[in-house]
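One-letter residues, chain by chain:
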Amino acid sequence: MGDYFMHNYRRLPVMFVKGEGTWLFDNNGRKYLDFTSGIAVNCLGHNYPPLVKAVCDQAARYFHCSNYYQSDIAAAFAEKLVAACTPGGMKNVFLANSGAEANEGACKIARKYSLKKYGPGRHTIVTLRGSFHGRTITTLAATGQEKFHKDFGPFTEGFVYIDSGDRDALEKALDAKTVAGLFIETVQGESGVYPQSQEFIEEAARLCAERDILLMFDEIQCGVGRTGTFLAYEQYRYNGAPVKADVVTLAKGLAGGIPAGAVLAGEKAADVFAPGDHGSTFGGNPIAAAAGLVVLETVNNPAFLAEITRKGTMIMAAIRAWNHPAIQDVRGRGLMIAIDIDRDAWPVLEATIARAEGTHAFGMDKCGLLILSAGQKTLRMLPPYTISDSEIEQGLEILHTML
Ligand SMILES: *Cc1c(COP(=O)(O)O)cnc(C)c1O
């Protein structure tokens, strides 16, 4: 089957045919605990009944109508999404289909905001080393990791990288004459789950406000409740209150498994786009909007978010208590967790899959575990928010025996 796909993915040797909650089933009837959520996408697990119903109901109403017209379901989704991001300072939204597309929108907003107010030459966007912002030519340019850049240049101009946490470099890089925006991945996911420090975010918020540089957060992986608050940057403080941003991007978990992305803008940036400035054929797709509404109704609830924090804390405490010699660090926020180990992560991913045995082997001792890597020697867990305590225990037990 591999012959029909391009060779850009290094895929593990397992093929799935069905999902249910935290479980995936392969074409040989073996079952696996899913601690990946399809890379933070299926945040309510597989086959979540209200999500399935909303998608089916909307499919029976209409699939798509284009952005020439208004869609009732997309309008309802936009209203709920902006409300969920109001504590983060957001006023309105552009709906896209993916993370990279959302980030392209954010870059365009920063460029136009600055151009209209200050004229040409003030178009630089500052990003952080270790960040991941996407795979298009511009979002690769925004991504502060050399390994993604090789072979694909020349890139979009106007991106500058500094180190996370380096407040002196931040102060120097944010030149009010040349810089339009600062784009921060609040919790760096792809590079190994590294949350930004409070001091760094506070300084970023202060400098951006002072110099009229847009403060933008990429919350494509860490947003939509993943870290225990709807937006991860809500946990940071500036001037005695939660940080407010000018732009935030979301995708991955936003519609629970249907492709969706979003760029939200606060007061400063909300009116940057005029008719014709930006668009997306599939953006705001009604089926994605129906799914997104269920995600928002379920996740944006204090009790539900508190459970994400509780489960994440429980996982990290349990792993630390092993005192396993192979484990060098455990860190995370909510259900976004990384484990640094003393060896390559990929063989662990293979072993936890290979553990699943036999046809229709439903005994817990026979099931596999799906877990991600993030860098060569780091394991990453992004379990669905709906995971149960006993599933957490089962998954951790498998991991323990495989290390
Ligand atoms: C996954 C990811 C992206 C890219 O999203 P795509 O939907 O794959 O384009 C961008 N930024 C962050 C932080 C991500 O985790």
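1. Quick notes on the sheet that holds strand E18 (residues 372-373)
(1) Moving on: Pairing in this open sheet of four strands is antiparallel, and the strands run E15-E16-E19-E18 from one edge to the other. Strands at the two margins of the open sheet, each flanked by one partner only, are strand E15 (327-333) and E18.
(2) Moving on: Two elements, E15 and strand E16 (residues 336-341), share six bridges in a ladder whose sense is antiparallel. Considered in E16, the bridge of Ile-327 is made with Ile-341.
(3) Moving on: Packing against the sheet, helix H9 (residues 302-322) makes contact with E15, E16 and strand E19 (378-381), and its axis sits at approximately 170 degrees to E15.

2. Quick word on the layout of surface pockets
(1) Moving on: Roughly 770 Å³ of volume is contained in the second largest pocket.
(2) Moving on: Forming the boundary of the second largest pocket are 33 residues, of which Asn-67, Val-93, Phe-94, Leu-95 and His-278 lie nearest the centre.
(3) Moving on: Contributing elements (two or more residues each) for the lining of the second largest pocket: helix H3 (72-84), strand E4 (90-96) and strand E14 (261-266).
(4) Moving on: No other element matches the four residues that E4 contributes to the lining of the second largest pocket.
(5) Moving on: Among the residues forming the lining of the second largest pocket, the class breakdown is 20 nonpolar, 13 polar and no charged.

3. Describing the pairing of E19
(1) Moving on: With burial as the criterion, each face of E19 is covered, one bearing Thr-378 and Arg-380 and the other bearing Leu-379 and Met-381.
(2) Moving on: Pairing geometry for E18 and E19, over two bridges, is antiparallel. Within E19, the position partnered with Leu-372 by the bridge is Arg-380.
(3) Moving on: Where E18 hands over to E19, the hairpin turn is made up of four residues, of which Gly-375 adopts a positive phi near 90 degrees.

4. Quick look at the nonpolar core
(1) Moving on: Counting 87 residues, the largest nonpolar core has Leu-81, Leu-182, Phe-230, Leu-250, Leu-379 and Met-381 as the members making the most contacts within it.
(2) Moving on: Take this core: its biggest share by element is nine residues, from helix H8 (residues 286-299).
(3) Moving on: Core analysis: the second largest hydrophobic core is formed by 21 residues, Ala-96, Tyr-113, Ile-125 and Val-247 among them.

5. With respect to the site of the ligand
(1) Moving on: Around the ligand, the neighbouring residues are Ser-98, Gly-99, Ala-100, Asn-103, Phe-132, His-133, Gly-134, Glu-185, Asp-218, Ile-220, Gln-221 and Lys-252.
(2) Moving on: The contact in question runs from a nitrogen atom of the ligand to an N or O atom on the backbone of Phe-132, over 3.1 Å.
(3) Moving on: Residue Lys-252 places a side-chain N or O atom 2.6 Å away from an oxygen atom belonging to the ligand.
(4) Moving on: Protein chains bury 81% of the 380 Å² of accessible surface belonging to the ligand in isolation.
(5) Moving on: In terms of residue count, helix H4 (residues 99-118) provides more of the shell around the ligand than any other element does, three residues in total.
(6) Moving on: The residue makeup of the shell around the ligand, split by class, is three nonpolar, six polar and three charged.

6. Some thoughts on the pairing of strand E3 (residues 31-34)
(1) Moving on: Alternating positions in E3 separate into two faces, Lys-31 and Leu-33 on one and Tyr-32 and Asp-34 on the other, with burial throughout.
(2) Moving on: Where strand E2 (residues 23-26) lies against E3, three bridges are found, and the strand directions are antiparallel. The residue of E3 that forms the bridge with Trp-23 is Leu-33.
(3) Moving on: Connecting E2 to the antiparallel partner E3 that follows it, the hairpin turn spans four residues, and Gly-29 within it adopts a positive phi of roughly 80 degrees.
(4) Moving on: When E3 meets strand E17 (residues 368-370), the two strands line up parallel, connected through three bridges. In the strand pairing of E17, Asp-34 is matched with Leu-370.

7. Digging into the sheet that holds E2
(1) Moving on: Ordered in space as E1-E2-E3-E17, the four strands form an open sheet in which the pairing is mixed. Each having just a single partner strand, strand E1 (16-20) and E17 make up the two edges of the open sheet. Pairs of neighbouring strands in the sheet enclose a mean axial angle of 30 degrees, with direction left out of account.
(2) Moving on: Of the strands in this sheet, E2, E3 and E17 touch helix H11 (residues 389-402), which is tilted by about 100 degrees from E17.

8. Considerations on H3
(1) Moving on: Spanning 13 residues, H3 covers 19 Å between terminal C-alpha atoms, matching the ideal 18 Å at 1.5 Å per step.
(2) Moving on: Every buried residue of H3 is accounted for by Ile-73, Ala-74, Phe-77, Leu-81, Val-82 and Ala-84. Axial view of H3: buried residues confined to an arc of 160 degrees, hence all on one face.

9. Observations regarding helix H7 (residues 198-211)
(1) Moving on: Compared with the 20 Å implied by 1.5 Å per residue over 14 residues, the 20 Å span of H7 between its first and last C-alpha is a close match.
(2) Moving on: Among the residues of H7, those classed as buried are Phe-200, Ile-201, Glu-203, Ala-204, Ala-205, Leu-207, Cys-208 and Arg-211.
(3) Moving on: Those residues of H7 that are buried lie in contact with strand E5 (124-128), strand E6 (159-162), helix H6 (167-173), strand E7 (179-185), strand E10 (214-218) and strand E11 (237-238).
(4) Moving on: Positive phi shows up at Asp-212, right after H7, with a value of about 55 degrees.

10. A word on the packing of H3 against H8
(1) Moving on: With their axes 8 Å apart at the nearest point, H3 and H8 run at an angle of 35 degrees to one another. Read as a crossing pair, H3 and H8 show a hand that is left-handed. Facing H3, whose interface residues are Ile-73, Ala-74, Ala-76, Phe-77, Lys-80, Leu-81 and Ala-84, H8 presents Pro-286, Ala-289, Ala-290, Gly-292, Leu-293, Leu-296 and Glu-297.
(2) Moving on: When the residues that make up the contact of H3 with H8 are grouped by side-chain class, the tally is 11 nonpolar, one polar and two charged.

11. Here's the deal with the packing of aromatic side chains
(1) Moving on: Summed over the entire model, instances satisfying the criterion amount to five aromatic pairs.
(2) Moving on: Their ring planes at 45 degrees and their centres at 6.0 Å tell us that Tyr-68 and Tyr-69 sit as a pair that is tilted.
(3) Moving on: The exposure class of Tyr-68 is exposed, given its relative accessible area of 74%.
(4) Moving on: Judged by its relative accessible area of 56%, Tyr-69 is exposed.
(5) Moving on: For the pair Phe-217 and Tyr-233, a centre-to-centre distance of 4.5 Å together with 15 degrees between the ring planes defines the contact as stacked. Here Phe-217 is found in strand E10, whereas its partner Tyr-233 is found in the loop between E10 and E11, with 16 residues between them in sequence.
(6) Moving on: On the accessibility criterion, Phe-217 (0% relative accessible area) is buried.

Each value, and the rule that gives it
- Residues numbered from 1 in each chain as written.
- Predicted model: local features only at pLDDT ≥ 70, side-chain atom pairs only at ≥ 80, totals over all residues.
- Heavy atoms only, no water.
- Pairing = 2+ DSSP bridges.
- Helix = DSSP H or I, 4+ residues; strand = E, 2+ residues; numbered from the N terminus.
- Contact = heavy atoms within 4.5 Å.
- Axes fitted to C-alpha atoms, helices over the stretch in contact; angles between N-to-C directions.
- 1 Å grid on protein atoms, 1.4 Å probe; cavity = no way out; pocket = protein on both sides within 12 Å on 5 of 7 lines; lining within 4 Å.
- Points joined across faces, edges and corners; volume = space filled by probe spheres on them.
- Nonpolar A, V, L, I, M, F, W, Y, C, P; charged D, E, K, R; others polar.
- Buried < 20%, exposed > 50% of the residue type's maximum accessible area, 1.4 Å probe, protein only.
- Core = buried A, V, L, I, M, F, W, Y, C linked by side-chain atoms within 4.5 Å.
- Near = heavy atom within 4 Å.
- Polar contact = N/O pair within 3.5 Å; in protein donor to acceptor, adjacent residues only side chain to side chain.
- Areas by Shrake-Rupley, 256 points an atom, 1.4 Å probe, with all protein chains shown as cover.
- Expected span 1.5 Å × (residues − 1).
- Arc of directions from axis to C-beta.
- Left-handed = near helix turned anticlockwise from the far one by under 90°.
- Phe/Tyr/Trp six-rings, centres within 6.5 Å; stacked < 30°, edge-to-face > 60°.

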